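# Working through the structure, step by step
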Amino acid sequence: MERIMDHLAHERSKAQFSVEEMKIIWAGSLHAFQVSDRIARLVASDPGFRKDNRAVLSRKELFKSALRKAAYVWKRINELALSEEEASWLRFYVDELAYAYIHWGMFVPAIKGSATEEQQQKWLPLANNMQIIGTYAQTELGHGSNVRGLETTATFDQETDEFIIHSPTLTSSKWWPGGLGKVATHAVVYARLITDGQDYGVHGFLVQIRSLDDHFPLPGVTVGDIGMKFGSGAFNSIDNGFLRFNHVRIPRNQMLMKVSRVTRQGKYVESNVPKQLLYGAMVYVRQIIVADASIALSRAVCIATRYSAVRRQFGPPHEDENGKGVETQVIDYKTQQSRLFPLLASAYAFRFVGEWLKWLYTDLIQKLEANDFSTLPEAHACTAGLKSLTTSAAADGIKECWKLCGGHGYLSSSGLPELYAAFVPACTYEGDNIVLLLQVSRFLMKTISQLQTGKKPIGTTAYMAHVEHLIQCRCTVQKAEDWLNPSVILEAFEARAIRLSVACAENLTKFATPLQGFSELSPDLVEAAVAHCQLIVVSKFIEKLQQNIEGNGVKQQLETLCNIYCLNLIHKHLGDFLSTGSISPKQASLASDQLRSRYSKLRSNVIALVDAFNYTDHFLGSVLGRYDGNVYPKLYEEAWKDPLNDSIVPDGYHEYIQPLLKQQLQNARL
Ligand SMILES: CC/C=C\C/C=C\C/C=C\C/C=C\C/C=C\C/C=C\CCC(=O)SCCNC(=O)CCNC(=O)[C@H](O)C(C)(C)COP(=O)(O)OP(=O)(O)OC[C@H]1O[C@@H](n2cnc3c(N)ncnc32)[C@H](O)[C@@H]1OP(=O)(O)O
Ligand SMILES: Cc1cc2nc3c(=O)[nH]c(=O)nc-3n(C[C@H](O)[C@H](O)[C@H](O)COP(=O)(O)OP(=O)(O)OC[C@H]3O[C@@H](n4cnc5c(N)ncnc54)[C@H](O)[C@@H]3O)c2cc1C
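Keep in mind the model is a prediction, meaning the values are calculated, not measured.

Thresholds applied
- Residues numbered from 1 in each chain as written.
- Chains lettered and ligands numbered in written order.
- Predicted model: local features only at pLDDT ≥ 70, side-chain atom pairs only at ≥ 80, totals over all residues.
- Near = placed C-beta within 6 Å.
- Helix = DSSP H or I, 4+ residues; strand = E, 2+ residues; numbered from the N terminus.
- Nonpolar A, V, L, I, M, F, W, Y, C, P; charged D, E, K, R; others polar.
- Axes fitted to C-alpha atoms, helices over the stretch in contact; angles between N-to-C directions.
- Parallel < 35°, antiparallel > 145°, perpendicular 65-115°, else oblique.
- Contact = placed C-beta atoms within 7 Å.
- Pairing = 2+ DSSP bridges.
- Left-handed = near helix turned anticlockwise from the far one by under 90°.
- pLDDT = per-residue confidence, 0-100.
- Buried ≥ 20, exposed ≤ 12 C-beta atoms within 10 Å, placed from the backbone.
- Core = buried A, V, L, I, M, F, W, Y, C linked by C-beta atoms within 7 Å.
- UniProt positions renumbered as here; feature names shortened; annotations may be inferred.
- Expected span 1.5 Å × (residues − 1).

### Structural notes on the site of ligand 2
- The local shell around ligand 2 holds 22 residues, among which Gln-138, Thr-139, Gly-144, Ser-145 and Trp-176 are the closest.
- Elements with a minimum of two residues in the shell around ligand 2: β1 (134-137) and α12 (433-451).
- When residues in the shell around ligand 2 are grouped by element, the largest group, 3 residues, is from α12.
- In terms of residue class, the shell around ligand 2 is made up of 11 nonpolar, 9 polar and 2 charged.

Rendered as structure tokens:
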């Protein structure tokens, strides 16, 4: 036991940089680090937030436990008079999916984004004080991605000055909204607005669905839970629900009227605000999900890295620091490094691109407030594309981390199966990842077509202004070290991205209609969108390194991580880089050489690099990822805690095992 604990201490002593300074870089600022650290410890030390029994709870127990925690969170927020920032950290570290995620994450933002000032003054205080609990009811049984295809209707009745909300078909039943099944009292419902016999398309409406007195559904409302979801624990603590309306009436002023409104006379009036602002809550949540992807991936990487340093398999026997013969740490296998270190680099890359995206979103909101809508298309493309890229990579990465831990990774107590089950739906919710990439490609094709009109591309598409150069430039790498030059890397990624996009744009012209072209070429368009989004991540990582980064050795580690992130992408997408002529086969081989050498450079720092995430053992929820590395005794201890080990002879023995054994024995004797 002693020796295992020593392993991680020895690993930590090898670090070539200041972990404390890296913690601040990871958190984003000294202030963010201090607040999150304080709240993480507060949660970890409070038995009310225990979560180590989730895997063995039944659905009903799990759901009730999530309700209890959500109520306790609210109590602690008020008792401690936490600020909004502290309260968010508290919800985050409690790490239990419940209705509060949708209430704070979607219901409140939808009201802020789509309601008029007057409507906000009425509804926000109620929501902020939890006098009402809200959900975001957009998706239906028949349509999720195709929002324009939603079927729920909101028909204006001029006589009573009300909207009649109705579910005309089974497929129009709302399906999936979190917190809807058993908890929410109110919902922002997306429905087709019909007035004067005309259908004006999908709009948002604030609808009360349950009584605030006895919690029963209001007349005309049918509501329930949609059933168990993938994995034990994970999303089963939350009541994703269904909802049907039978001519439910709401006052006219409960239509969210920032984008457009209906007058007392039933006239539909558009404002000067673009209709896409109706989708504003989705843009908001997509940028949060990018930050969430870096957190989910970094959790998995932290577990897999620490365990890989503890775990030993095969020889040649090495001598440990006490001169004893020991097997090889699995982290020293090059195959383990080539699977794990790019994931560590990706966690950092996603962290920084998430930070930038938050800035982009804040900037968008400031502009929108000043009636400047010019950056909305880019913000939509960036949030959609980066949400897609980072969640797909993080979900795959978590699964890889589980395999990197061998058999023990499959144990619930490793924390990895539940982390995977809880994160993988991020590839679907808030927009299916492929559908979102197609939105990015649409934006890219539009940008390319506008180049011919002389319109200057801005922001993340600014590189397209250099299309002539990027289409014909040749990569200058001659030796492996040349791949450490950020401008060489950047140009290779820009060349690959623009060449894929331009090829799509050219091929699109060969079809009878753009619609036909988009449909036939959609796999190529998705690849072009991925290349563009990877370029954004690469360029934001490089930009981060150009900032003033303090702390002993911190910048050097980040440079190595950045190199690994970029070179591994080249390695994985070699087909793209070679087929577009962005690099040559010889340069690809030099990139692989350089990548291998970066792994060796990073090796002694990896434990410290995952320590810099500053995750408590409570938050990690993993025996394999424990800070002290004391894995085996704790695994043994956890095994004993399983309910099956409550009795020596299992339930069912007398009914099913004993008679069987007896019968077989008798048969044998006959
Ligand atoms: C402490 C806790 C607090 C908070 C936590 C908050 C959140 C959770 C964060 C982390 C996760 C942790 C736990 C998760 C828990 C729960 C899950 C959370 C949320 C899930 C909720 C949902 O899933 S809600 C439902 C989401 N649904 C979708 O995303 C549907 C996807 N489909 C669409 O978006 C659209 O239909 C479409 C874009 C695919 C197509 O739309 P449409 O046909 O109308 O459009 P067009 O293609 O014709 O485009 C018209 C033009 O509009 C542009 N456009 C489209 N969308 C937008 C937009 N959003 N913004 C701006 N512009 C947009 C489009 O590009 C077109 O432009 P053109 O110039 O080309 O004409
Ligand atoms: C855990 C979870 C929580 C959720 N929470 C909420 C919530 O709170 N509120 C809410 O309103 N919704 C919620 N949703 C619903 C979610 O937003 C939708 O599931 C999501 O938008 C995808 O839509 P869909 O299910 O209709 O998939 P579909 O669109 O049916 O996708 C099925 C397949 O078709 C493909 N496809 C679809 N359209 C195209 C296209 N145009 N081109 C190419 N391929 C296409 C997709 O790539 C996918 O492979 C939640 C979903 C989950 C899983």
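### Digging into the packing of helix α2 (residues 19-27) against helix α3 (residues 30-44)
- The contact between α2 and α3 brings their axes to 7 Å, and the two run at 95 degrees. It follows that α2 is roughly perpendicular to α3 by the angle criterion. Contacts between α2 and α3 involve Lys-23, Ile-24 and Ala-27 from the first element and Leu-30, Ala-32, Phe-33 and Ser-36 from the second.
- Here the contact of α2 with α3 is built from residues that sort into 5 nonpolar, 1 polar and 1 charged.

### Brief notes about the site of ligand 1
- Looking at ligand 1, there are 34 residues lining it, with Gly-105, Val-147, Tyr-279, His-380 and Gly-431 nearest.
- Of all the secondary structure elements, the ones that give two or more residues to the shell around ligand 1 are α5 (84-94), α6 (99-114), α8 (280-310), α10 (376-404) and α12.
- Ranked by residue count, the leading element in the shell around ligand 1 is α8, at 6 residues.
- For the shell around ligand 1, the residue count by class is 17 nonpolar, 12 polar and 5 charged.

### Observations concerning the pairing of strand β3 (residues 162-166)
- Two elements, strand β2 (residues 153-157) and β3, share 5 bridges in a ladder whose sense is antiparallel. Bridging across to β3, Phe-156 finds its partner in Phe-163.
- Between β2 and β3, which follow one another and run antiparallel, lie 4 residues, and Asp-161 among them has a positive phi close to 60 degrees.
- Judged from the 4 bridges that link them, β3 and strand β9 (residues 248-251) form a sheet pairing that is antiparallel. Residue pairing for β9: Phe-163 is matched across the bridge by Ile-250.

### A short note on the packing of α8 against α10
- Packing of α8 against α10 brings their axes to within 8 Å, and their N-to-C directions diverge by 20 degrees. Classed by the angle they form, the pair α8 and α10 counts as roughly parallel. Regarding α8 and α10, the two cross each other, and that crossing is left-handed.
- Grouping the amino acids of the contact of α8 with α10 by side-chain chemistry returns 17 nonpolar, 7 polar and 2 charged.

### Details of the confidence of the model for the chain
- Summing up the model confidence of the chain, the mean pLDDT is 96 and the portion of residues at 70 or higher is 99%.
- Scored as a complex, the prediction yields pTM 0.97 and ipTM 0.97.

### A look at the environment of Val-273
- Residue placement: Val-273 occurs in the loop between β11 (268-270) and α8.
- On the neighbour-count criterion, Val-273 (16 C-beta atoms within 10 Å) is partly exposed.
- Sequence separation between Val-273 and Lys-258 is 15 residues; the distance between their C-alpha atoms is 7.6 Å.
- Each residue touching Val-273, except ones within four places of it in the same chain, is listed here: Lys-258 and Val-259.

### Comments concerning the nonpolar core
- Counting residues in each nonpolar core, the largest one holds 192 residues, and the members touching the most others are Ile-398 and Cys-401.
- A per-element tally of this core places α8 first, with 18 residues.

### Digging into the UniProt feature "domain: Acyl-CoA oxidase C-terminal" (unreviewed entry) in the chain
- In the numbering used here, UniProt assigns the "domain: Acyl-CoA oxidase C-terminal" (unreviewed entry) feature to residues 485-662.
- Regarding residues 485-662, the helix share stands at 72% and the strand share at 0%, and the terminal C-alpha atoms are separated by 74 Å.

### Here's the deal with the environment of Lys-367
- Relative to the elements of secondary structure, Lys-367 occurs in helix α9 (residues 334-369).
- Each C-alpha atom, one on Lys-367 and one on Cys-562, is 32 Å from the other, the two residues being 195 residues apart in sequence.
- Other than its neighbours up to four places away in sequence, Lys-367 contacts Asp-372 and Thr-375.

### Some thoughts on unusual backbone geometry
- A positive phi angle, close to 45 degrees, is found at Ala-234, a residue other than glycine.
- Summarising the element assignment, Ala-234 is placed in the loop between β7 (221-225) and β8 (241-245).
- Look at Ala-234 and you get buried, because 22 C-beta atoms sit within 10 Å.
- For His-247, which is not glycine, the phi dihedral falls at a positive 50 degrees.
- Judged by local crowding, His-247 falls into the partly exposed class, with 13 C-beta atoms found within 10 Å.

### Things to note about the sheet that holds β7
- Taken together, the 3 strands give an open sheet; going across it, the order is β4-β8-β7, and neighbouring strands pair in antiparallel fashion. Each end of this open sheet is capped by a strand with a single partner; those strands are β4 (174-175) and β7.
- In this structure, β7 lies alongside β8, joined through 5 bridges in antiparallel fashion. Bridge pairing in β8 places Gly-224 opposite Phe-242.

### A look at α10
- Compared with the 42 Å implied by 1.5 Å per residue over 29 residues, the 41 Å span of α10 between its first and last C-alpha is a close match.
- With respect to burial, α10 is a largely interior element, 21 of its 29 residues being buried.
- Gly-406 occupies a position one or two residues after α10 and carries a positive phi of about 60 degrees.

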